[in-house]
Amino acid sequence: MGTSGNRKGYKIFSINTTIRNPKRNVEFLKAFLPYTNRKVSPKEMEVGYLYALVKNGTYNFLNVSQVIKDKIRDDIPLNDAEVKQAFIDNPQATTFRGRALTQLRALRDQGFLIFKSESRAFYEMELSKLGEELIKNEMSSADIYSKSIIGMHANSPVRPKLYNQSRPFLNTLFVIDGVNKKWQALGNEPKGILTHEFATFVLSMKDCDYQTAVNNIIEYRKAYKLVPNEKAIMDFLNAQDILPLKYESIIKDYADDVFRKFEMTGLLIAHGSFKHIYYNFSSFNQSKVDTILEKYKGYKFETFNNQYDYYNYLHNIELPWLVDIDTRKNIIVSKAKLFGINIDFKTTTIEQAENIIEDKFNKSIIGKVAENLEEKILLAELLILSGTITASSQFGEIPEALRLEYLTALIIAKKFGSNGLIANMIMSEDGTPLSYAPAGRPDIVFEHKDGSYIFELTMAKNAKQQENSETTSIVRHMTELKTSTGIEYRMALIAPLIHYDIATFFQFRCATSKEKIVPISIDRFVGEIYNANTVSQYTLSFDSIISMLLTIETKQYIDEINKHYKFA
């Protein structure tokens, strides 16, 4: 991407680009879990870690035998020879060590992984507190990223070769705020800062003097309008003694890569197209941004004795809405006004109010996205996830498990409308999902007079994974939601493949507790929802599956429910 490499000096800030998509951070961290808090040989970790990424679907082996594919699907360990041959038959530009270490460094740079020691003989690493919280998923991932990114320092004990004593995210927030105000004062519409301005004037900052960066952007716009000017950009960076990079990397790659991490906070959005992509504040989270601008208005570069001081600092970053109840309430009221909702805290708890607002936001976003997508495209995308269709996904940047939640919500909205839809994933204003629903909430709920549903979704392909992570949560979510709403729900576990013992569990629950719960494959879900034009038709179809589960042999049910679906 450039030529500055690992040299010491002032640089355009970047985060290791190997894990380009931060939505996959959790997948990488989970694959690394078996190698934490102990000394691990390079061979054990590099091969085992990369193979774990294959098993969880982050990587895909394309050129392997059916025997290996079946082993991966059924979570049967490959022997050393099979693993080695699989990697040889599916080469990448870097070595095992190069692939593993650059990914782990990307997680370290974001504050989720601590390198205790690193040598040719062994590695010793551990999760940071933020990394542990990200995996547990017990609090909003947006809050976890906000702590990580607000506290992030360009130069720190984990990145001593980067000399810039800057705080890139806070610099970004204050520069956007300053540019918007000055640009509007000049009679223009404030839209944020453009990608080339972000890379040139913000990511190159040596310090926290954001006002100078604001003035530089305004002067640049007066001279060169809103278009990138290669000579002006390179001259500015050279004058600042910034280590050289390729021009295309500056105005495109670095800006895009850093912003991908920054947007995980939910506080920023990208809008526009081609050479006019702006980074601006999220209108939905503007009230949160305002509290940060107020709290951190005197921010400065901090120094740390060691990496543990730094990681503890990140974990202890104060988010105004988490430390002050009145601030939290004010944010809720501000967001509620966007939807014309009045919140009465005498009858509604803070948590209930937040859920109401988030549900409204997600519902509106999913409804808009669904309107612009064809039904058959959404269903085909689901069949790509199931493996029935072999094709590239237009949603390929979204991790598979999150994509399954997203596509399921979209097809429900497309078929039956978004009015009764509750999708608990964390959404961006631009219509893409940022992360999964926090633990303790069902993936998707759909409420309608002709049938109400809870959908739990998983990309786990083997029986043990499905049983460990899904069966008990399904029953708990159904019971809790029924108690709180008084609604009788039907529930489905949707997975790429349903196994015998999973079906047996559901048969037992249906027969003994009279609960209307079924396990169905993605293919069966696609077929049933494609053929239903109304909720009542879908309910009739769903109930026929329940009847089938209770009346035929388990093996026969498995064979029927796992059939591949093809459009007529």
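Heads up: these notes are all about the structure in this document. Just so we're clear, the structure is a prediction, and the values are computed from it rather than from any experiment. (Residues numbered from 1 in each chain as written. Predicted model: local features only at pLDDT ≥ 70, side-chain atom pairs only at ≥ 80, totals over all residues. Heavy atoms only, no water.)

## A few points about the pattern of salt bridges
- For the structure on display, the rule yields 26 salt bridges.
- Here glutamate 358 ties to lysine 335 by a salt bridge, and the two come within 3.7 Å at their closest N and O atoms. With glutamate 358 in helix 17 (residues 350-371) and lysine 335 in helix 16 (residues 325-338), the pair connects residues that are 23 residues apart, well separated along the chain.
- Within this structure, Arg524, Glu528, Glu560 and Lys563 form a network of salt bridges that share partners. (Salt bridge = Lys/Arg side-chain N within 4 Å of Asp/Glu carboxyl O. Helix = DSSP H or I, 4+ residues; strand = E, 2+ residues; numbered from the N terminus.)

## A closer look at the sheet that holds strand 6 (residues 421-423)
- Strand order across the open sheet formed by five strands is 6-9-10-11-12, with mixed pairing between neighbours. The sheet is open, and its two borders are formed by strand 6 and strand 12 (517-521), each paired with just one other strand. Pairs of neighbouring strands in the sheet enclose a mean axial angle of 20°, with direction left out of account.
- Inspection of the sheet shows strand 6 paired to strand 9 (residues 444-446) by three bridges, in the antiparallel sense. Its bridge partner lying in strand 9, leucine 421 is registered against phenylalanine 446.
- Lying over the sheet, helix 21 (residues 500-513) contacts strand 11 (489-495) and strand 12, oriented at roughly 155° with respect to strand 12. (Pairing = 2+ DSSP bridges. Axes fitted to C-alpha atoms, helices over the stretch in contact; angles between N-to-C directions. Contact = heavy atoms within 4.5 Å.)

## Section: the nonpolar core
- The biggest cluster of nonpolar side chains holds 105 residues, and the ones touching the most others in it are Met45, Tyr49, Leu104, Val175, Ile193 and Phe198.
- When residues no more than four places from it in sequence are discounted, the contact partners of isoleucine 193 are Val175, Ile176, Val179, Phe198, Val202, Ile217, Arg221, Ile277, Tyr278 and Tyr279.
- Counting 77 residues, the second-largest nonpolar core is a separate cluster that includes Val369, Ala409, Leu410 and Tyr538. (Core = buried A, V, L, I, M, F, W, Y, C linked by side-chain atoms within 4.5 Å. Buried < 20%, exposed > 50% of the residue type's maximum accessible area, 1.4 Å probe, protein only.)

## Here we look at the environment of alanine 503
- Of note, alanine 503 is situated in helix 21.
- Alanine 503 gets classed as buried once you look at its relative accessible area, which sits at 0%.
- Here the alpha-carbon distance between alanine 503 and isoleucine 292, two residues 211 residues apart in the chain, equals 49 Å.
- Sequence-distant contacts of alanine 503, defined by excluding residues within four places in its chain, comprise Ile498, Pro519, Leu549, Thr554, Tyr557 and Ile558.

## Considering the packing of helix 18 (residues 375-386) against helix 22 (residues 522-531)
- The contact between helix 18 and helix 22 brings their axes to 9 Å, and the two run at 165°. Put simply, helix 18 runs roughly antiparallel to helix 22. Like other packed secondary-structure pairs, helix 18 and helix 22 cross with a definite hand, here left-handed. Side by side, helix 18 and helix 22 meet where Glu375, Lys376, Leu379, Leu382, Leu383, Leu385 and Ser386 of the first sit next to Ile522, Asp523, Phe525, Val526, Ile529 and Tyr530 of the second.
- Across the contact of helix 18 with helix 22, the residue classes break down as nine nonpolar, one polar and three charged. (Parallel < 35°, antiparallel > 145°, perpendicular 65-115°, else oblique. Left-handed = near helix turned anticlockwise from the far one by under 90°. Nonpolar A, V, L, I, M, F, W, Y, C, P; charged D, E, K, R; others polar.)

## A look at the packing of aromatic side chains
- For the structure shown, the criterion picks out 27 aromatic pairs.
- Measuring from centroid to centroid gives 5.2 Å for phenylalanine 304 and tyrosine 310, while their planes differ by 65°, and the two rings are edge-to-face. Residues phenylalanine 304 and tyrosine 310 agree in their burial class; the two are buried.
- Where tyrosine 538 meets phenylalanine 542, the ring centres are 6.2 Å apart and the plane angle is 50°; that geometry is what we call tilted. You can see tyrosine 538 and its partner phenylalanine 542 sitting in helix 23 (residues 535-551), four residues apart, about one turn around the helix.
- Judged by relative accessible area, phenylalanine 542 falls into the buried class, the value being 2%.
- One aromatic cluster is present, built from ring pairs that chain together Phe416, Phe446, Tyr453, Phe455, Phe525, Tyr538 and Phe542.
- Positioned above the aromatic ring of phenylalanine 345, the side-chain terminus of lysine 329 is 5.3 Å from the ring centre. (Phe/Tyr/Trp six-rings, centres within 6.5 Å; stacked < 30°, edge-to-face > 60°. Lys NZ or Arg CZ within 6 Å of the ring centre and 35° of its normal.)

That's the geometry; what it means functionally is another story.
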